[in-house]
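Chain residues, written in single-letter form:
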Amino acid sequence: MLQQVPRSNLGSPTSHPLPEHNVFVSPRLLAALLIAISADAATLQSLPPLTGAAAQAVTADWLITPLIRAARAYRSESGKELILTNGLIRRNWRISPDAATVSFTNLRTRESLLRGVKPEAVVEINGVEWNVGGLDGQPDYAYLNPAWLDRMTAHAHAFHFTGFDLDQPRAPFAWKPVKPAPSAPWPPPGIALTLHFAQPALPGIEVLVHYEMYDALPLMAKWITVRNSSPAEINLNRLTTELLAVVDSESTVDHPPLPPNVLHVETDYAFNGMDSRSASRTVNWLPDPDYKSQVNYALESPVLLQVRPPVGPAAAIPASGSWTSFRTFELAYDSTDRERRGLTQRRMYRTIAPWAAENPIFMHVRRADPESVKLAIDQCAATGFEMVIISFGSGLNMESEDPAYLAQMKSLADYAHSKGIRLGGYSLLASRHIDEANDVINPKTGKSGGAIFGNSPCLGSAWGIEYFRKLQHFLTVTGFDVLEHDGSYPGDVCASTRHPGHRGLEDSQMRQWHQITEFYRWCRTRGIYLNVPDWYFLNGSNKTAMGYRETNWSLPRDRQIILGRQNIYDGTWTKTPSMGWMFVPLVEYHGGGAAATLEPLEQHLADYEQHLAQNFSSGVQAAYRGPRLYDSPKTEAVVSKWVAFYKAHRAILESDLIHLRRPDGADIDTVLHVNPQLPERALAVVFNPTDLPVTRTLTLPLYYAGLTQNAQIRVQDAAAKTYTLDRDYSVPVPLQIPAHGLTWLVVLP
């Protein structure tokens, strides 16, 4: 029997079986079964009831105060419901007459996120669709009255609840941190719940619905497993892993309202995008056909959350085998304020993808010959850079299996490591043409072409399977510990029936996604740093582009500088500074000639320093692409200066960023780094892009720095002065910023 659910007792799952369900064929059998389930549900009584302090919402601001009550499992006082809560959110499941989510509450706002009951999942097995759990009989889907629940019934054509397990979160893959590594637990602490479902018409087939709730964050994860203990192979044709009848965010009569704004939902089944919205392929906000009383006249309010892959999975599950889906993450917002919502989302990534906070300083060397690579390594070591990436167009071939070539690359990696530098390289996957036998096949034409990037190899083709084997071999043999993987899988489907890695069109997307994410997870376990220009963070990627147009780096240098600061400002609303890379064209890139490039570096040192200053002071790393980082002692001193500044303030610069004023070239612009857990509570950086010096009183909002009364503020290296915060936790600070210059302020408690 389950005890009080202390964390130390969750080393292995604790099961709570309920009786196997009988066939639902008549009201008499149904009534008998419900009585049996209700009687045996007393196993739930071993959980403590949700009363007293456990039932209270956390009152401190969880974004500032780290001591938040841990996630725990409880039962309702009635004994009819299983509850997970962490004081920030709470989710309740009825477990009789079937299992179904009957409450999902944001405890910070005390608002329900749910207006109705839906199945826990939907699966199509061998061509027949089945609900997984759920309850029928809700009279109105505008809201969910708890008094209705006792009158609701199990759905006959469904997998039915048979029991549950409680456990602690388990890491979906191992993580070997890249130094300097963030301090974060993996897997995130919390509690895990698995609901078991079976259907008598499909003996030996079980659907497991998994949930995790994490400590100190209003976040849940969900995924499903289909387990086949029958003697025959089964086909999982389609599936929906989540259905939530979510509350309206607005009510309009004449046009479709916006989707609900109370939840951020994303899954790790993502590709072909540099942010979670563009990369999402599974999260759908749809009209709810059960919601007949909505205000929208056409009944088009998009208030039904449906999470399902766009095609497939069309997975063949062998006898005694199982298949597990992608994961969905549901994050509850407690505000409509853009900054607070961004802070909430960024905290989520720091928790469920902590490697995204790894932020080494790197250079892109544009040639792969040993002399060029060693020069880059030496200059990186001299100035404090930490990583060299042999760039695109360099001639590096990571698909080579020539022993002499691999030995040469290994000697370069050994040389880099002897200098304390990580070494890696660039490899292109998608947006290249292999041949008709190995490219993705367009289902409309039966031929290659028409892919997302025109032509692209199928990852399930013989070439695709060999490609990943060759990359793993190269990385293992050479000791390279960085991979910049361009043209990562963009989500192409493939109609070929001859590729060994998939059976046909319907399973082609899921199988290709598995191919690339298993490779990224392999890299994560070996501590191989991943730069990937797509949203693969939840499967191990470290960094993607902060957000910029590549051809902008061919513009004149002064315009690049302002645009670069805009890119950083705009890109960090939902990304942490460590999650996005910027770019510095030391040599010509996409044209632009001498007006766009920084070489010779000493001749354009002021512009070079602007790039260095704004990237490092924002906590953002850039790809400094060229043959060298410096061309004279004077240039070396400037590079070393800003690296030293960054390392002196690294912890606060890699913390959360508060957006104060967007760069526009007409007046000063400002960002503020905050972290209430550090000795340096905040660091503000103020830029003056104008031709004249500026004298200004700058108001610093210090709420998210955790300061409430006083602050010690130091302008650059001057002595700190004491300031009293006003009622808005803000403080005015007088400043002087030189023309085309910057200053910074360090805030101490």
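Just so we're clear, the structure is a prediction, and the values are computed from it rather than from any experiment.

(A) Inspection of the overall build of the chain at higher detail. Across its full length, the chain holds 11 helices and 39 strands. Computed over its C-alpha atoms, the radius of gyration of the chain comes to 28 Å, within 12% of the 27 Å expected for a compact globule of 749 residues. Seen along its three principal axes, the alpha-carbon backbone of the chain occupies a region of about 90 × 70 × 55 Å. Here the chain holds 749 residues, and 59% of them are scored as buried. Sequence-distant contacts in the chain: of pairs separated by 6 or more residues, those separated by 24 or more amount to 70%.

(B) Layout of the environment of Asn 542. For Asn 542, the position within the fold is in the loop between β28 (529–531) and β29 (544–545). The exposure class of Asn 542 is buried, given its relative accessible area of 0%. Each C-alpha atom of the pair Asn 542 and Ser 578 lies 8.3 Å from the other, and the pair is 36 residues apart in sequence. Residues contacting Asn 542, with those up to four places away along its chain left out, are Trp 355, Ala 356, Glu 358, Arg 524, Ile 528, Tyr 529, Leu 530, Phe 537, Ser 578 and Met 579. Only 2.8 Å separates the side chain of Asn 542 from the backbone nitrogen of Leu 530, close enough to count as a polar contact.

(C) Fine view of the packing of aromatic side chains. In the structure shown here, the tally under the stated rule is 36 aromatic pairs. Judged by centre distance (5.3 Å) and plane angle (75°), the ring pair of Tyr 269 and Phe 271 falls under edge-to-face. Here the aromatic residues Trp 463, Tyr 467, Phe 468, Phe 519, Tyr 520, Trp 522 and Tyr 536 are joined through ring pairs into a cluster of three or more. Directly above the aromatic system of Trp 223 lies the positively charged group of Arg 327, at a separation of 3.6 Å from the ring centroid.

(D) Here's a closer look at the sheet that holds strand β5 (residues 100–106). Read from one edge to the other, the open sheet built from 5 strands follows the order β2-β3-β4-β5-β6, with strand pairing classed as antiparallel. Strand pairing shows two members of the sheet lacking a second neighbour, β2 (72–75) and β6 (111–112), which therefore form its edges. Sheet topology note: the strand β3 (residues 81–85)/strand β4 (residues 89–94) ladder contains 5 bridges and is antiparallel. Residue pairing for β4: Ile 83 is matched across the bridge by Asn 92.

(E) Looking closely at the nonpolar core. Core analysis: the biggest nonpolar cluster contains 143 residues, and Val 123, Phe 159, Leu 195, Phe 385, Phe 480, Tyr 608 and Tyr 624 have the highest contact counts within it. Not counting chain neighbours up to four residues away, the residues in contact with Leu 195 comprise Leu 82, Trp 93, Ala 99, Glu 120, Phe 161, Gly 163, Phe 164, Val 207, Leu 208, Val 209 and Tyr 211. Among the nonpolar cores identified, the runner-up in size contains 53 residues, and Tyr 214, Val 674, Val 694 and Leu 700 belong to it.

(F) Just the environment of Ala 279, in detail. Its location among the elements puts Ala 279 in helix α2 (residues 276–279). The buried category is assigned to Ala 279, whose relative accessible area is 0%. C-alpha of Ala 279 to C-alpha of Val 373: the two residues are 94 residues apart in sequence and 34 Å apart in space.

(G) How the structure looks around the packing of helix α8 (residues 557–571) against helix α9 (residues 605–617). Running from N to C, α8 and α9 cross one another at 5°; their axes reach a closest spacing of 10 Å. Classified by the angle their axes make, α8 and α9 are roughly parallel. Of α9, the residues touching α8 (which contributes Arg 557, Gln 560, Ile 561, Gly 564, Arg 565 and Ile 568) are Asp 607, Gln 610, His 611, Gln 614 and Asn 615. The class makeup of the residues in the contact of α8 with α9 is 2 nonpolar, 6 polar and 3 charged.

(H) Structural detail: the sheet that holds β28. As summarised here, the arrangement of the 8 strands in space is β28-β27-β26-β25-β24-β31-β30-β29, forming an open sheet in which the pairing is parallel. Looking at which strands have only one partner, the edges of the open sheet turn out to be β28 and β29. Here strand β30 (residues 580–585) runs beside strand β31 (residues 622–626); their pairing, made up of 4 bridges, is parallel. Counted as the bridge partner of Val 584 is Tyr 624 from β31. Most of the contacts of helix α6 (residues 462–478) go to strand β27 (residues 482–486), to which it runs at about 155°, and overall it touches β26 (422–428) and β27. In the packing of α9 onto the sheet, contacts are made with β30 and β31, and the angle to β31 comes to roughly 155°.

Definitions and limits used
- Residues numbered from 1 in each chain as written.
- Predicted model: local features only at pLDDT ≥ 70, side-chain atom pairs only at ≥ 80, totals over all residues.
- Heavy atoms only, no water.
- Helix = DSSP H or I, 4+ residues; strand = E, 2+ residues; numbered from the N terminus.
- Rg over C-alpha atoms; globule rule 2.2 N^0.38 Å.
- Buried < 20%, exposed > 50% of the residue type's maximum accessible area, 1.4 Å probe, protein only.
- Contact = heavy atoms within 4.5 Å.
- Polar contact = N/O pair within 3.5 Å; in protein donor to acceptor, adjacent residues only side chain to side chain.
- Phe/Tyr/Trp six-rings, centres within 6.5 Å; stacked < 30°, edge-to-face > 60°.
- Lys NZ or Arg CZ within 6 Å of the ring centre and 35° of its normal.
- Pairing = 2+ DSSP bridges.
- Core = buried A, V, L, I, M, F, W, Y, C linked by side-chain atoms within 4.5 Å.
- Axes fitted to C-alpha atoms, helices over the stretch in contact; angles between N-to-C directions.
- Parallel < 35°, antiparallel > 145°, perpendicular 65-115°, else oblique.
- Nonpolar A, V, L, I, M, F, W, Y, C, P; charged D, E, K, R; others polar.

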